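Read off the chains here:
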Amino acid sequence: MENLNFIGGTWQAGASRETLPVINPATEEVFAEIVRGNAADVDAAVDAARKARAGWRATTGAQRAVLLRAIAEAIREASPQLAQLEVDDCGKPIAEARYDMADAVACFEYYAACAESLDEQQERPIMVPDERFDIKLRYEPAGVAGLIVPWNFPLVNAAWKVAPALAAGCTVVLKPSELASLTTLALARIAEKAGLPPGVLNVVTGLGHEAGAAVAAHPGIDKVSFTGGVESGRRVMEARAHRVGDVALELGGKSAALVFDDVDIDNTVEWLLMGSVYNQGQVCAATSRILVHRNVFDAVVDRLVKAMEQLRVGPGSDEGTHVGPLISAAQLERVGALVEQGVAQGARVVTGGGQPAHHTKGYYFSPTVLLDVSRDNVLWTEEVFGPVVSVTRFDSEADAVELANDSRFGLAAAIMSADPERCARLAPQIDAGIVWVNCSGPAFIQAPWGGVKQSGFRRGLGEWGMHEFLELKQVTEFQSAEPWGHYDIGRGGLA
């Protein structure tokens, strides 16, 4: 099937009739095309979503749950094909792609249950001191949700937003990244076959500054949820400010891992790898700043470097691959330029630092460890979004916390220590929305996800993810048979 836009239950070519190439980052070959959607396509998608809004919001949570579970089951059945499609589209190792498919299935199943529980939460009473008044709370869908998702976890990021929005009773206009749209379009096909009513889910592909900007600024969209870079997030906020529209942002990170001198070094390094090179380091919560206690600094660096050098870099479709290619030629150039700039500012490469010599095709970058990274170095301050880590030492708990918090970002952090009291003591001191203890990187659908500072605001996932797409309404009823009497109208008070 052609990769067309999905609008109002039909597959449509874009208004511009232009397309964008889909490039396999492992081979640099064009293997598909997507529509170059624009503002006219977004207008059509929003119109379809608004027309479908009344019917969808009139359904019960239980009715929506049936469709969400049908989507989950269809993703499960198609997981092998979807995983390979994601590998071809964005380069990630096949093992990680399979895990992503399982995550997407679990997400739709979880929000099916949340939709059912929403029915039970309606008409919740609120006690007030005046017994003549009866107050109940209602949770109502926000309306049309504009969802803009990035390229690093295409189907997972789409599921993280689409599932709770549909569970809440919102209709959706989804804009995937132009660098990885194929599994998102596959999700639209799955939803169509599952029986989702026309217009409830609409997908428009295209460039961020064209289709994405149109979604962010559209007056017919009631809620925008964006995941991506800080500068793009600022533009989304500016676009919504003109409408005074609701917006949720999940942006970048420059997360720290704090390694104390009582850790099991081998186990810790395993988690450091998970936190830094998973998905080629193209993870917003990657713990790319590794802070190590002076007493174990040399031992940790030695083991980390050896582990990095043992990772197999290659095509994501190869079963033994640990690190696949970066998403695009532009991203490869960006990562290389940041490392070069960091070295020029005094950082020292211990391993990696450039493209592997044995790969003449593909956007590969070797897993990289750098030392002597000062706090004004670009590798300390900027999100690299590649398999690149900077390692520095600390002397005390206070030193470690101060270093960890020395960032404009605040998405995540990891604390590695065998002392549970220390971990419990330090977790509240870290300026981050997520703190991992003796692990790095795990994400669970049931727990909130999001950060502080320039990592964004609001929370996705868990029950909070669905409530992002709900509006809370109070319904207050005067129940007394006696008149209110404040103006004494019945007794001629206004005569």
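Structure: above.
Residues numbered from 1 in each chain as written. Predicted model: local features only at pLDDT ≥ 70, side-chain atom pairs only at ≥ 80, totals over all residues. Heavy atoms only, no water.

Draft legend 1. Highlighting the nonpolar core. One finds Ile-75, Phe-108, Tyr-111, Leu-174, Leu-304 and Val-391 to be the most contacted residues of the largest nonpolar core, which totals 107 residues. With 12 residues, helix α4 (residues 94-121) is the single largest residue contributor to this core. The residues contacting Leu-304, other than those within four sequence positions of it, are Val-269, Leu-272, Leu-273, Ile-290, Val-369, Val-389 and Val-391. Listed in part, the 30 residues of the second largest apolar core include Ala-347, Val-384, Leu-426 and Ile-430. (Core = buried A, V, L, I, M, F, W, Y, C linked by side-chain atoms within 4.5 Å. Buried < 20%, exposed > 50% of the residue type's maximum accessible area, 1.4 Å probe, protein only. Helix = DSSP H or I, 4+ residues; strand = E, 2+ residues; numbered from the N terminus. Contact = heavy atoms within 4.5 Å.)

Draft legend 2. Main features of the packing of helix α2 (residues 61-77) against helix α6 (residues 182-194). Their axes nearest at 9 Å, the elements α2 and α6 cross at an angle of 125 degrees. When the interaxial angle is binned, α2 and α6 end up oblique. By crossing handedness, the relation of α2 to α6 is classed as right-handed. Contact residues: Leu-67, Ala-70, Ile-71, Ala-74 and Ile-75 in α2; Leu-187, Ile-190, Ala-191 and Ala-194 in α6. A class-by-class count of the residues in the contact of α2 with α6 yields nine nonpolar, no polar and no charged. (Axes fitted to C-alpha atoms, helices over the stretch in contact; angles between N-to-C directions. Parallel < 35°, antiparallel > 145°, perpendicular 65-115°, else oblique. Left-handed = near helix turned anticlockwise from the far one by under 90°. Nonpolar A, V, L, I, M, F, W, Y, C, P; charged D, E, K, R; others polar.)

Draft legend 3. Structural context of the packing of α2 against helix α3 (residues 79-90). Where α2 meets α3, the axes come as close as 5 Å, and the angle between the chain directions of the two elements is 75 degrees. Taken together, α2 and α3 sit at an angle that is classed as roughly perpendicular. Residues Ile-75, Arg-76 and Glu-77 of α2 form the contact with α3, whose participating residues are Ser-79, Pro-80, Gln-81 and Leu-82.

Draft legend 4. A look at unusual backbone geometry. Even without being glycine, Phe-385 reaches a positive phi, approximately 60 degrees. Topologically, Phe-385 is positioned in the loop between α12 (378-381) and β16 (388-394). Looking at Phe-385, the relative accessible area reads 15%, which means it is buried. The phi torsion at Asn-438 lies on the positive side, around 55 degrees, for a residue other than glycine. Residue placement: Asn-438 occurs in the loop between β19 (434-437) and β20 (452-453).

Draft legend 5. Representation of the pairing of β19 within the structure. Alternating positions in β19 separate cleanly, Ile-434 and Trp-436 being buried on one face and Val-435 and Val-437 remaining unburied on the opposite face. When strand β18 (residues 412-416) meets β19, the two strands line up parallel, connected through four bridges. The residue bridging Ala-412 from the neighbouring strand is Ile-434, located in β19. In this fold, the crossover linking β18 to β19 by way of helix α14 (residues 420-426) has right-handed handedness. (Pairing = 2+ DSSP bridges. Right-handed = clockwise from strand over helix to strand, strands pointing away.)

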